[in-house]
Amino acid sequence: MAFEKIKNFIAPVDEEEDEGEELEYTDEETKPVSTYEAKQTKVVPTNAQMVLFEPRSFEEAEEIARHLKQKRACVVNLHRLQRDYAQRTIDFLTGVVFALDGTIQKIGHNVILCTPKNVGVDGEITLESEDD
């Protein structure tokens, strides 16, 4: 009797709870799934940031990568780089974006947009002139 009082004091049980009852799922979609099988949805945080870069050397690509790792979108203007350094920068950032499951897009002549996985991008920019 005293043991029951101590047990109820430490871990009280609600009398209305049915302890042995298992949950039944009638709909296949309501069953819990692992995080691997769960549907992936892109959630854009309200505090999403975009950083603008105009690198003057290839070494500045590392700083851009750090911002991408911190879930910030980056617009990179490559106009001030020599052609071969601009290509090296694009190749490096393509690898960074791939590793982060992000995207990289050309949005202008020598201008690219790098986004991490958490930042969605809608729309498309046509780079060819409509006069052609």
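Residues numbered from 1 in each chain as written. Predicted model: local features only at pLDDT ≥ 70, side-chain atom pairs only at ≥ 80, totals over all residues. Heavy atoms only, no water.

Topic: the environment of alanine 73
Quick reminder of the rule: Going along the chain from the N terminus, every DSSP run of H or I of four or more residues is numbered as a helix, and every run of E of two or more is numbered as a strand. Burial status follows relative accessibility: with a 1.4 Å probe on protein chains alone, a residue under 20% of its type maximum counts as buried, one over 50% as exposed, and anything between as partly exposed. In this analysis, two residues are considered to be in contact whenever any of their non-hydrogen atoms come within 4.5 Å of each other.
Structurally, alanine 73 is set in strand β2 (residues 73–77). With relative accessibility at 2%, the residue alanine 73 sits in the buried group. In this structure, alanine 73 is in contact with Gln49, Met50, Val51, Cys114, Thr115, Pro116 and Val119, ignoring residues within four places of it in sequence.

Describing the sheet that holds β2
Inclusion rule: Two strands qualify as a pair provided DSSP detects at least 2 bridges between them. Here an angle of 0 to 180 degrees is reported between the N-to-C directions of two axes, which are lines fitted to C-alpha atoms, with helices fitted over the stretch in contact.
Across the sheet, four strands lie side by side as β1-β2-β4-β3; this open sheet has mixed pairing. One side of each edge strand has no neighbouring strand; the edge strands of this open sheet are β1 (50–53) and β3 (103–108). Along the sheet, successive strands turn relative to each other by an average axial angle of 20°, direction set aside.

Observations concerning the pattern of salt bridges
This is how it is decided: Criterion for a salt bridge: a side-chain nitrogen of Lys or Arg within 4 Å of a carboxyl oxygen of Asp or Glu.
In this structure the tally under the stated criterion is two salt bridges. The partner of arginine 80 in a salt bridge is glutamate 54, and the shortest N-O contact between them spans 3.4 Å. Highlighted residues: arginine 80 in the loop between β2 and α3 (83–99) and glutamate 54 in the loop between β1 and α2 (61–69), separated in sequence by 26 residues. On the basis of relative accessibility, which here comes to 33%, the residue glutamate 54 falls in the partly exposed class. The salt bridge partner of glutamate 62 is arginine 66, with a shortest N-O separation of 3.3 Å. Here glutamate 62 and its partner arginine 66 are both found in helix α2, four residues apart, which amounts to about one turn of the helix. Note on glutamate 62: relative accessible area 49%, which makes it partly exposed.

Some points on the packing of aromatic side chains
Keep this limit in mind: Planes of paired rings set the category: under 30 degrees apart is stacked, over 60 is edge-to-face and the rest tilted, where pairs are Phe, Tyr or Trp rings (Trp by its six-membered ring) whose centres lie within 6.5 Å. Lysine and arginine charges are scored as sitting over a ring when NZ or CZ, respectively, is within 6 Å of the ring centre and within 35 degrees of the ring normal.
Across all of its chains, the model carries one aromatic pair by this definition. With centroids separated by 6.1 Å and ring planes inclined at 75°, the aromatic side chains of phenylalanine 58 and phenylalanine 92 adopt a geometry described as edge-to-face. Of the two residues, phenylalanine 58 sits in the loop between β1 and α2 while phenylalanine 92 sits in helix α3, which places them 34 residues apart along the sequence. The side chain of arginine 88 reaches across the aromatic face of phenylalanine 58, ending 4.1 Å from its centre.

Things to note about the nonpolar core
For clarity, the threshold we go by: Take the buried Ala, Val, Leu, Ile, Met, Phe, Trp, Tyr and Cys residues and link them wherever side-chain atoms come within 4.5 Å; each set so joined is a nonpolar core.
Judged by nonpolar contacts, the single largest core of 15 residues is most densely connected at Ile64, Leu68, Cys74, Val76 and Leu93. Secondary-structure elements contributing two or more residues to this core are β1, α2, β2, α3 and β4 (111–115). Examining the composition of this core, we find that four residues originate from one element, α3, more than from any other.

Considering the state of the cysteines
Put simply, the rule is: Throughout, a disulfide means two cysteine sulfur atoms within 2.5 Å of one another.
Applying the stated rule across the entire model yields zero disulfides. Not engaged in a disulfide, the cysteine cysteine 74 finds its nearest cysteine sulfur in cysteine 114; these two sulfurs lie 6.4 Å apart. By relative accessible area, which is 0% here, cysteine 74 ends up buried. Residue cysteine 114 is classed as buried on the basis of its relative accessible area, which comes to 0%.

Observations regarding the environment of leucine 81
Position of leucine 81 among the secondary structure elements: in the loop between β2 and α3. Along the chain, leucine 81 and proline 55 lie 26 residues apart, while their C-alpha atoms are 7.0 Å from each other. If near-sequence neighbours (up to four positions away) are discounted, leucine 81 is found in contact with Pro55, Arg56, Ser57, Phe58, Ala86 and Thr89.

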